[in-house]
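# Structural overview for review
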Amino acid sequence: MPMGNTMKHLVLSLLMAGSVVACGSDDKKTNDLTPFLGMWNVGQAKVKVACAGFGDLEGGLTGVVNVVAGTGADLAMTFTDPALTGCTLRFNVKDASTATPLSGQSCAVSLQGITATLNVASGTFSAAGNNANMNLDGTANGSLGNIAFTCMGNVAGSLSRGATTDAGTDTAL
């Protein structure tokens, strides 16, 4: 093959390889956050800390859960219930109706006069229309006097959509 044809084949090969690469996209697919955003009224929900030797600490969850577009995650969920006051957890949307919490997050939990730190290990926030379910599991670390404890913690319950308007912005990190 003459040198000219070899050079043409090389250039043609490079152009074809470049066009194949150009067909893809490195842009991150953005999820529709609309089904999750807004103020959610807490329905039947509980905060439970189960401790071997101490018995279970349990309390009903009330108030609202405010869900906004997140910073560092798709969503930020803030609780108003006294047991979780000021707790903001971040979630990433997995599909049109389910979001999961980022790992390594924690919130202060106050039940029956005892304060512990709930370290969220797993969970879901599932929304469908005007109804949602939340389930968060993890460990709770705290102390009772001089006795430190680690227990299993859970926040679970149903939510109903309140205001569907913009519920604000995620300002806490």
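Every chain is numbered independently, its residues counted from 1 as its sequence is written. In keeping with the predicted nature of the model, local features appear solely for residues at pLDDT of at least 70, side-chain atom pairs appear and are counted solely at 80 or more, and the whole-chain, interface and lining totals rest on all residues. To obtain the side-chain values, all non-hydrogen atoms of the structure were included, while hydrogens and water were left out.

### What to know about the pairing of strand β10 (residues 147–161)
Both strand β1 (residues 38–51) and β10 contribute to a ladder of nine bridges, which runs antiparallel. Across the sheet, V42 pairs through a bridge with L159, a residue of β10. Bridging between strand β9 (residues 131–144) and β10 involves 14 bridges; their strand directions are antiparallel. What sits directly across from G142, in β10, is F149. Being paired, for any two strands, means DSSP has found at least two bridges between them. Only DSSP runs of H or I reaching four residues or more are called helices, and only runs of E reaching two or more are called strands; each is numbered from the N terminus. In textbook terms, the turn of a hairpin is the stretch between consecutive antiparallel strands, and for β9 and β10 this stretch comprises two residues, one of which, G145, has a positive phi near 65°.

### Examining the nonpolar core
By nonpolar core is meant a set of buried Ala, Val, Leu, Ile, Met, Phe, Trp, Tyr and Cys residues that side-chain atoms within 4.5 Å join together. In this scheme, a residue with accessible area under 20% of its type's maximum is buried, one over 50% is exposed, and one in between is partly exposed, where area comes from a 1.4 Å probe on protein chains only. L61, F79 and F125 are the most contacted members of the largest nonpolar core, which totals 39 residues. Among the secondary structure elements, those contributing two or more residues to this core are β1, β3 (64–69), β4 (75–79), β5 (88–93), β7 (105–111), β8 (114–128), β9 and β10. Residues within four places of F79 in sequence aside, it is in contact with L61, V64, V65, L84, T85, G86, C87, L89, M134 and L136. Note on contacts: a residue pair is in contact if any heavy atoms of the two residues lie within 4.5 Å.

### Quick look at the state of the cysteines
Disulfides are defined in this document as cysteine sulfur pairs within 2.5 Å. Under the counting rule described, the total for this entry stands at two disulfides. The disulfide partner of C51 is C151, and the gap between their sulfur atoms is 1.9 Å. The S-S bond linking C51 to C151 shows a torsion near 105°; that makes this disulfide right-handed. With C51 in strand β1 and C151 in strand β10, this residue pair connects regions lying 100 residues apart in the sequence. Among the residues examined, C51 registers a relative accessible area of 7% and is labelled buried. Using a relative accessible area of 3% as the deciding quantity, one classes C151 as buried. The disulfide bridge from C87 ends at C107, spanning 1.8 Å between sulfur atoms. Disulfide C87 to C107: torsion about the S-S bond roughly 65°, handedness right-handed. Residue C87 is located in the loop between β4 and β5, and its partner C107 is located in strand β7; the two are separated by 20 residues in the primary sequence. The exposure class of C107 is buried, given its relative accessible area of 7%. Along the chain, the cysteines engaged in disulfide bonds are linked according to the scheme 1-4, 2-3 when indexed in sequence order.

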